[in-house]
Amino acid sequence: MAITTASAAASSTTPLSQLKLKPTSTQISAFPATVSRPSARAQKTISIHCSSTTLQTAAPTASATDRVFNFAAGPAILPEKVLLKAQSELYNWRGSGMSVMEMSHRGKEFLSIIQKAESDLRNLLNIPSNYHVLFLQGGATTQFAAIPLNICQPDDVVDYIVTGSWGDKAFKEAAKYCKPKSIWSGKSDKYTKIPSFETLEQTPGAKYLHICANETIHGVEFKDYPSPANENEVLVADMSSNFCSKPVDVSKFGLIYAGAQKNVGPSGVTIVIIRSDLFGNAQSTTPVMLDYKIHADNASLYNTPPCYGIYMCGLVFEDLVAQGGLIEVEKKNAKKGKILYDAINGSNGFYKCPVVESVRSLMNVPFTLAKPELEAEFVKEAAKEKMVQLKGHRSVGGIRASIYNAMPVAGVEKLVAFMKDFQARHDG
Ligand code: PMP
């Protein structure tokens, strides 16, 4: 098998050795590599001569112990099995003789990849047949404009519930294309709350109600969803940072969108799930790349899609299905969240999470230290213990541990053990 051969050829003399992965036999069998590139090629050391430097690279192989626990908010940790599977197929995807990066997006190989990715995602989220799944580019940020451009006209009023910085950015962008109203903002409470739905004053005639289902920076997550007040109004949700972290009743939404780079793949892929009756209302100035109907009519292949990213998302979806689907995924996420929040709550105020308990995110856990001057030391010492990217977002400070789907329970347990040890050394 290619992976075994390659790891036998491991060389630890190059900088790339730090990125190397050594799969175990269990990991390989969970995601069997079907075909391998000729092993001689995989073992070779390659020299790339540039004008002034020579880059020495080797086939990527190394010990899993070289990996860190990455608590980044995104791009974020990917499941190890998925990375190993991608590694095993890198040179030669399933006998095609090509890397997925080298394939035509219109060839039968890539078509099978994108179709399988869509069908696994449909299974995972139980997406009704009257919804389209689009694989787009431009990040969730592009959707901040694409949504009003596609589903309302310049004079239409639309409602935004602003529970954090991302909801606020979406709201401000929409103002260029329609008349958005912020019907609730958590800004004065430093974005630590979700409103009670009964008290919301929705605008009569609003075309859609927008929420950010999980605020990545502030760690505030909707646990339930409001219903739009008007007939024909739809609920629109930015699910970038909790996409596929738990089951969602898609039929409650007109449109769901998410950048891939937190839970389901690398950056560069944005997924839009849209109810088909919302097509055909695009504003006349909508650029072709932002027009949902054009992408839907062309099965996300109107132009060259982010092929490799879609392939990676497909591997993640396959892995989530193999884990037993989103009910199982949610159980694991709840367990991780409980371990971490219990540690914060049980620290006698040494660590504090500002978010109201009932809406604390299971994906992004922000917390502060009672002695803020220790925060930099906390981040530095954690990094030495191979727990990285724990610094809070520059706009809020403190610490933020993002514990997306791919973060193992062991990663959270290690963080909590470190937190207790750090407290014991610095408390008092
Ligand atoms: N919405 C949310 C909730 C996010 O977390 C992010 C990125 N961190 C965005 C939107 C913007 O996504 P992108 O960078 O892919 O445009």
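Reading the values: the criteria
- Residues numbered from 1 in each chain as written.
- Predicted model: local features only at pLDDT ≥ 70, side-chain atom pairs only at ≥ 80, totals over all residues.
- Heavy atoms only, no water.
- Buried < 20%, exposed > 50% of the residue type's maximum accessible area, 1.4 Å probe, protein only.
- Helix = DSSP H or I, 4+ residues; strand = E, 2+ residues; numbered from the N terminus.
- Pairing = 2+ DSSP bridges.
- Axes fitted to C-alpha atoms, helices over the stretch in contact; angles between N-to-C directions.
- Parallel < 35°, antiparallel > 145°, perpendicular 65-115°, else oblique.
- Left-handed = near helix turned anticlockwise from the far one by under 90°.
- Contact = heavy atoms within 4.5 Å.
- Nonpolar A, V, L, I, M, F, W, Y, C, P; charged D, E, K, R; others polar.
- pLDDT = per-residue confidence, 0-100.
- Near = heavy atom within 4 Å.
- Polar contact = N/O pair within 3.5 Å; in protein donor to acceptor, adjacent residues only side chain to side chain.
- Areas by Shrake-Rupley, 256 points an atom, 1.4 Å probe, with all protein chains shown as cover.
- Disulfide = S-S within 2.5 Å.
- Patch = residues over 30% accessible without salt bridge, like charges linked within 9 Å, V, L, I, M, F, W, Y side chains within 5 Å.
- Salt bridge = Lys/Arg side-chain N within 4 Å of Asp/Glu carboxyl O.
- Phe/Tyr/Trp six-rings, centres within 6.5 Å; stacked < 30°, edge-to-face > 60°.

A short note on the pairing of strand β4 (residues 131–136)
So, step 1. Burial analysis of β4 places 5 of its 6 residues in the buried class, the great majority of the element.
So, step 2. Two elements, β4 and strand β12 (residues 270–275), share 6 bridges in a ladder whose sense is antiparallel. Bridge pairing in β12 links V133 to I273.

A closer look at the packing of helix α5 (residues 108–125) against helix α9 (residues 307–322)
So, step 1. Close contact between α5 and α9 brings their axes to 8 Å; oriented N to C, the two are set at 40°. Taken together, the axis directions place α5 and α9 in an arrangement best described as oblique. Judged by the sense of rotation from one axis to the other, the crossing of α5 with α9 is left-handed. Residue-level contacts link F110, I113, I114, K116, A117, D120, L121 and L124 of α5 to C307, I310, Y311, G314, F317, E318, L320 and V321 of α9.
So, step 2. The class makeup of the residues in the contact of α5 with α9 is 12 nonpolar, 1 polar and 3 charged.

A closer look at the confidence of the model for the protein chain
Any segment with low pLDDT has predicted coordinates that should not be analysed in fine detail.
So, step 1. For the protein chain, the average pLDDT comes to 89, and 85% of its residues sit at 70 or higher.
So, step 2. Low pLDDT, under 50, characterises residues 1–60; the stretch is placed with 83 contacts to residues that sit more than four places away or in other chains.

Observations concerning the sheet that holds strand β7 (residues 208–212)
So, step 1. The sheet built from 7 strands is open, its strands ordered β4-β12-β11-β10-β7-β5-β6 with mixed pairing. Unpaired on one side and paired on the other, β4 and β6 (179–185) mark the two borders of the sheet. For this sheet, the mean inter-axis angle between neighbouring strands, taken without regard to orientation, is 15°.
So, step 2. When strand β5 (residues 157–162) meets β6, the two strands line up parallel, connected through 6 bridges. Note on β6: the bridge partner recorded for Y160 is S182.
So, step 3. With respect to the sheet, α5 is in contact with β4 and β12, its orientation differing from that of β4 by roughly 130°.
So, step 4. Contacts from helix α7 (residues 165–174) reach β5, β6, β7, β10 (234–238) and β11 (255–259) within the one sheet, and its direction differs from that of β5 by about 160°.

Points about the site of the ligand
So, step 1. The full set close to the ligand counts 13 residues, and T141, T216, D238, Q261 and K262 are the nearest of them.
So, step 2. One of the side-chain nitrogen or oxygen atoms of W166 is found 3.5 Å away from an oxygen atom of the ligand.
So, step 3. Note that a nitrogen atom of the ligand is positioned 2.6 Å from one of the side-chain N or O atoms of D238.
So, step 4. Protein coverage of the free-state accessible area of the ligand, which is 400 Å², stands at 85%.
So, step 5. It is helix α6 (residues 139–151) that contributes the most residues to the shell around the ligand, 4 residues altogether.

As for the environment of K262
So, step 1. Among the structural elements, K262 can be located in the loop between β11 and β12.
So, step 2. Along the primary structure K262 and T216 are separated by 46 residues, whereas in three dimensions their C-alpha atoms are 9.7 Å apart.
So, step 3. When near neighbours in sequence (up to four residues on either side) are disregarded, K262 contacts A73, G74, A76, I77, T216, S240, S241 and Y404.
So, step 4. A distance of 3.1 Å separates a polar atom in the side chain of K262 from the backbone oxygen of A73.

Points about the side chain of S240
So, step 1. Looking at where S240 falls in the secondary structure, it is placed in the loop between β10 and β11.
So, step 2. Engagement of the side chain of S240 in a polar contact is seen with the side chain of D238, the distance being 2.7 Å.
So, step 3. Within the structure, S240 has its side chain in polar contact with the backbone nitrogen of G259 (distance 3.2 Å).

With respect to the sheet that holds strand β13 (residues 351–352)
So, step 1. Taking strand neighbours across the sheet as the criterion, the 3 strands line up as β13-β14-β16 in an open arrangement whose pairing is antiparallel. Among the strands making up the open sheet, the edge pair consists of β13 and β16 (399–402).
So, step 2. Bridge count for β13 against strand β14 (residues 364–369) is 2 bridges, and the pairing is antiparallel. From the neighbouring strand, Y351 faces β14, where its bridge partner is L369.
So, step 3. Sitting on the sheet, helix α10 (residues 326–345) touches β13, β14 and β16, and the angle it makes with β14 is about 15°.

Some details on the state of the cysteines
So, step 1. Under the definition given, this model contains 0 disulfides.
So, step 2. Residue C178 stays outside any disulfide, its sulfur separated by 3.7 Å from that of C152, the closest cysteine.
So, step 3. Here C313 is not cross-linked by a disulfide; its sulfur's nearest cysteine counterpart is in C244, at 9.2 Å.
So, step 4. Take C313: its relative accessible area is 0%, and that puts it in the buried class.

Some details on a nonpolar patch on the surface
So, step 1. A grouping of V288, M289 and Y302 is seen on the molecular surface, where their side chains present a nonpolar patch of about 240 Å² in accessible area.
So, step 2. Within the secondary structure, V288 is located in the loop between β12 and α8 (292–297).

Some thoughts on the packing of aromatic side chains
So, step 1. The tally for this structure, following the rule as stated, stands at 14 aromatic pairs.
So, step 2. Pairing Y351 with F378 gives two aromatic rings, centres 6.0 Å apart and planes at 70°, and the pair type is edge-to-face. Of this pair, Y351 sits in strand β13 while F378 sits in helix α11 (residues 375–384), placing them 27 residues apart in sequence.
So, step 3. For F378, a relative accessible area of 0% gives the class buried.
So, step 4. Summarising the aromatic geometry, the rings of F378 and F418 are spaced 5.1 Å apart at their centres and angled 65° between planes, so their arrangement reads as edge-to-face. Of this pair, F378 sits in helix α11 while F418 sits in helix α12 (residues 409–426); the two residues are 40 residues apart in sequence, bridging distant segments of the chain.
So, step 5. On the basis of relative accessible area, F418 is assigned to the buried category, the value being 8%.
So, step 6. Taken together, the ring pairs connect F350, Y351, F367, F378, F418 and F422 into an aromatic cluster.

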